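One-letter residues, chain by chain:
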Amino acid sequence: MHRNDGVCFTSSSFKIPLSPPSQTLASPLSRARHSLFQLLHSLRNRSLPPTTSTHSPLLCCSSLSLTAQTYNLVNAPLLCSASLALSQPYSPDSTQSGSEVPQKGQSTTTGRYDEERVLISEVLVRNKDGEELERKDLEMEALTALKACRANSALTVREVQEDVHRIIDSGYFSSCMPVAVDTRDGIRLVFQVEPNQEFHGLVCEGANVLPSKFLEDAFRDGHGKVVNLKRLDEVINSINGWYMERGLFGLVSGVDIFSGGIIRLQVAEAEVNNISIRFLDRKTGEPTKGKTKPETILRQLTTKKGQVYSMLQGKRDVDTVSTMGLMADVSIIPQPAGDAGKVDLVMNVVERPSGGFSAGGGISSGITSGPLSGLIGSFAYSHRNLFGRNQKLNISLERGQIDSIFRINYTDPWIEGDDKRTSRTIIIQNSRTPGTLVHGNQHDNSSPSIGRVTAGIEFSRPLRPKWSGTAGLIFQHAGARDEKGNPIIKDFYGSPLTASGKPYDDMLVAKFECVYTGSGDQGSSMFAFNMEQGLPVMPEWLFFNRVNARARKGVEIGPTRLLLSLSGGKVVGNFSPHEAFAIGGTNSVRGYEEGAVGSGRSYVVGSSEVSFPMLGPVEGVIFADYGHDLWSGPSVPGDPAGARYKPGSGYGYGFGIRVDSPLGPLRLEYAFNDRQAKRFHFGVGHRN
């Protein structure tokens, strides 16, 4: 058996970039193979018998290997080498045997050489020393990868080259060299391969946020098996995909396979180096000086220096800064930092005008009669960025047919020095609202009004995701007045209008409220629990406990949406009659006037709605409501519900339309109640 000693080899190397998640190591190799290999010399026609041939017409090699290299986030190539060439030493005698000598400038890779066929009698797979492989399964992998090279077939150089790369593409071998050997039976084609090592361990460097369990699960099935480069490439893609799904700046930047079957993965994660705020002019877009203090914005960000930058977290930070109400536009720009593997974040913000005067109007649900029923005009001054710290001041005056409210409201959305994002609100208010919800109209069509002077302080903070809590202390001085503004203590039926029997009731109320919100829109889940405790600091001050709860659940059913809501409450102790729970009306049981179902110490109201799109911003609604005072009406001081023959329970149903507007949804509904009465309801905004 003679080897082809007269044939020598040349090799060429190239780099394959680390493939993105949609690619594999095999795909770039496949695209590049035809441009990399050149036949250096022509093949002689095989005219001698196999036993006398001194030169084999076919010899080539191919190899693929991984080497260590330093990588960065942008260019992270795997350094591979692949070589496949055929050469024959030139001698002066070669021209006499029919070979052609390449001339200067003449290509040595011509189609006719590639297409010349050589008969192969046998195809074998051996190790690099020409011996049988210890593992027969690897031999079968190599043979299975072959497509053209079969025993008793005539092959071209190109077909051998392609099969060499198919063996490499199988992923189990680091090199493959095809060797042609003359035998008595013909030319034997031997693929000398070098299998990859068995996997016995993993070292991962630079992965600070990647869970170790993720890596363990990815490599668990490969322990003790020959490393498959295609499978390794899939694992690398899955790691890169893990970072991509979470919006993290990270990827595998290098892979090494050491002796002993140890794989080392080098992961590059972009840490946040610095965060800065840049104010831009609203008109020109050029950098300018801002009114808001940078630390007021920076403390809103959950992205911190030293952590791996997350684009999803950055988007949430942009939304958080936008909800402050100070900025017309917010964006984050990541920029390479001086240190390798780090990024600087620049937040560009465009400030809104900080405040001014405004005027508007609305509708009161407490007035059901009169030429200008329920209309309210308002005038307000607001400043949303006091001292550049996002502190808000609002001074407003609302005036209607009976309603009047003067309010001063100061809010610090984040108390300085607090790490729990606690806000503080100070309220001073003087209001006059209709008492018809509980006491209705008198026989002479007059109606008492309720005057309240209120002052208090509230603290709010997030408790956990989607949960928030509010606690406060509020003082209230409240009493009833007639249409001329004179204090009164009893209504037309002789029922008391105050709990103390005096023109005014005083109370100091400790308040607690806990709220859960789903996605935040009207169709999402919501739960709210409210408790108020009257504190008898002075003997004549009211002592009571009041609880109230509301729940809502929205369900999408194709193009329609089902909205279910339930609310209920109870009050015990000594309380003012006008503070009883009023049932009925636009935000309660539709089909009834405001408060016409009942007024009690306890109540429950349930509602269901089905809404469906109609045309553009218009949607249709079908609804049904039910309310009950749980037989608590007579326990209210003076029994105002019994004196006015309120039923204490009732239901309503009907249909309507909703129209989106800058003021919120405009609601026009037509309802029927269980007493065969019909009523239109008009409202602005979502139902309570």
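Just so it is clear, the structure is predicted and the values come from calculations on it, not from any experiment. For every chain, the first residue of its written sequence is number 1, and the numbers climb from 1 along that sequence. Per-residue local features of the predicted model are confined to residues with pLDDT of at least 70, and side-chain atom pairs are confined, for both listing and counting, to 80 or more; whole-chain, interface and lining totals are unaffected and use all residues. Neither water nor hydrogens contribute to the side-chain values; these are computed over all heavy atoms in the structure.

1. Notes on the overall build of the protein
Secondary structure elements are defined from DSSP: runs of H or I of at least 4 residues count as helices, runs of E of at least 2 residues count as strands, and each element is numbered from the N terminus. When you go through the protein residue by residue, the secondary structure sums to 10 helices and 33 strands. Within the protein, the fraction of its 688 residues that count as buried is 44%. Only heavy atoms matter for contacts: two residues are in contact if any of them lie within 4.5 Å across the pair. The long-range share in the protein, meaning contacts at least 24 apart out of those at least 6 apart in sequence, stands at 60%. Summed over its atoms, the accessible surface of the protein is roughly 34,800 Å², and 56% of this surface lies on carbon and sulfur atoms. Burial status follows relative accessibility: with a 1.4 Å probe on protein chains alone, a residue under 20% of its type maximum counts as buried, one over 50% as exposed, and anything between as partly exposed. Surface exposure here means Shrake-Rupley accessible area, sampled with a 1.4 Å probe, where a residue is shielded only by the protein chains that are shown.

2. Observations regarding a nonpolar patch on the surface
Among the surface-exposed residues, M614, L615, I657, L663, L668, F680, F682 and V684 lie close enough to one another that they form a single nonpolar patch of about 830 Å² accessible area. Breaking the nonpolar patch down by element, the ones donating at least two residues are β29 (602-615) and β33 (678-684). A per-element tally of the nonpolar patch places β33 first, with 3 residues. The residue L663 is located in the loop between β31 (649-659) and β32 (666-673) in this model. Here a patch means residues that are over 30% exposed by relative accessible area and free of salt bridges, tied together within 9 Å if like-charged and within 5 Å if nonpolar (Val, Leu, Ile, Met, Phe, Trp, Tyr). Each reported salt bridge corresponds to a side-chain nitrogen of Lys or Arg within 4 Å of a carboxyl oxygen of Asp or Glu.

3. A word on the pairing of strand β9 (residues 250-258)
When DSSP finds two or more bridges between two strands, those strands count as paired. For β9 and strand β10 (residues 262-269), the ladder comprises 8 bridges, and the chain directions are antiparallel. Residue pairing across strands places G254 opposite Q266, the latter belonging to β10.

4. Brief notes about the confidence of the model for the protein
Averaged over every residue, the pLDDT of the protein is 82; the share at 70 or more is 80%. On a scale of 0 to 100, pLDDT captures the predictor's confidence in every residue. In this model, residues 1-110 is a region of pLDDT below 50 whose contacts with residues beyond four sequence positions or in other chains number 225 contacts. Residue range residues 366-371 is modelled with pLDDT below 50. Its contacts to residues more than four positions away, or to other chains, number 17 contacts.

5. Some points on the sheet that holds β9
In space, the 3 strands of this open sheet follow the order β8-β10-β9, with mixed pairing throughout. A single partner strand is all that each edge strand has here, and the edge strands are β8 (201-205) and β9. Pairwise comparison of adjacent strand axes, ignoring direction, gives a mean angle of 20° for this sheet. Lines fitted to the C-alpha atoms define the axes, with helices restricted to the stretch that makes contact. Angles between their N-to-C directions range from 0 to 180 degrees. Helix α6 (residues 229-245) contacts β9 and β10 of the sheet and is inclined by roughly 155° relative to β9.

6. Details of the environment of I405
Along the chain, I405 turns up in strand β18 (residues 404-412). Overall, the relative accessible area of 15% leaves I405 in the buried class. Separated by 24 residues in the primary sequence, I405 and Q429 place their C-alpha atoms 7.1 Å from one another. Once residues lying within four places of it in the same chain are set aside, the contact partners of I405 are S396, L397, E398, Q429, N430 and S431.

7. Looking at helix α8 (residues 311-322)
Across its 12 residues, α8 extends 16 Å between first and last C-alpha, which sits within 8% of the 16 Å expected from 1.5 Å per residue. Every buried residue of α8 is listed here: Q313, G314, D317, V318 and V321. The buried residues of α8 occupy an angular sector of 150° when projected down its axis, which confines them to one face. Exposed positions of α8 whose direction lies more than 90 degrees from the buried face are K315 and R316. Packed against the buried residues of α8 are α7 (294-298), β13 (327-336) and β14 (342-351). Throughout this description, a polar contact denotes any pair of N or O atoms lying within 3.5 Å of each other; where both atoms belong to protein, one of them has to be capable of donating a hydrogen while the other can accept it, and for residues adjacent in sequence the pair is counted only when both atoms sit in side chains. For α8, the N-terminal cap is S310; the gap from its side-chain oxygen to the backbone nitrogen of L312 is 3.4 Å. By definition here, a helix of n residues has an expected span of 1.5 Å times n minus one. The directions considered for the arc run from the helix axis to the C-beta atoms.

8. A word on the sheet that holds strand β11 (residues 271-280)
Pairing within the open sheet is mixed, and its 4 strands lie in the order β12-β11-β14-β13. Every interior strand has two partners, whereas the edge strands, β12 (287-288) and β13, have only one. Sheet topology note: the β11/β14 ladder contains 8 bridges and is parallel. From the neighbouring strand, N274 faces β14, where its bridge partner is D344.

9. Observations regarding the packing of helix α5 (residues 212-219) against α6
One can describe the packing of α5 onto α6 by two numbers: an axis separation of 11 Å at closest approach and a directional angle of 155°. The orientation of α5 with respect to α6, classified from their angle, is roughly antiparallel. Where α5 crosses over α6, the two elements pack in a sense that is right-handed. Residue-level contacts link F214, L215, A218 and F219 of α5 to R231, L232, V235, S238, I239 and W242 of α6. The classification used treats Ala, Val, Leu, Ile, Met, Phe, Trp, Tyr, Cys and Pro as nonpolar, Asp, Glu, Lys and Arg as charged, and all other residues, Gly among them, as polar. Residue composition of the contact of α5 with α6, by class: 8 nonpolar, 1 polar and 1 charged. Roughly parallel refers to an angle under 35 degrees, roughly antiparallel to one over 145, roughly perpendicular to one between 65 and 115, and oblique to any angle outside these ranges. Should the near helix be turned anticlockwise from the far one by less than a right angle, the crossing is termed left-handed; should it be turned clockwise, right-handed.

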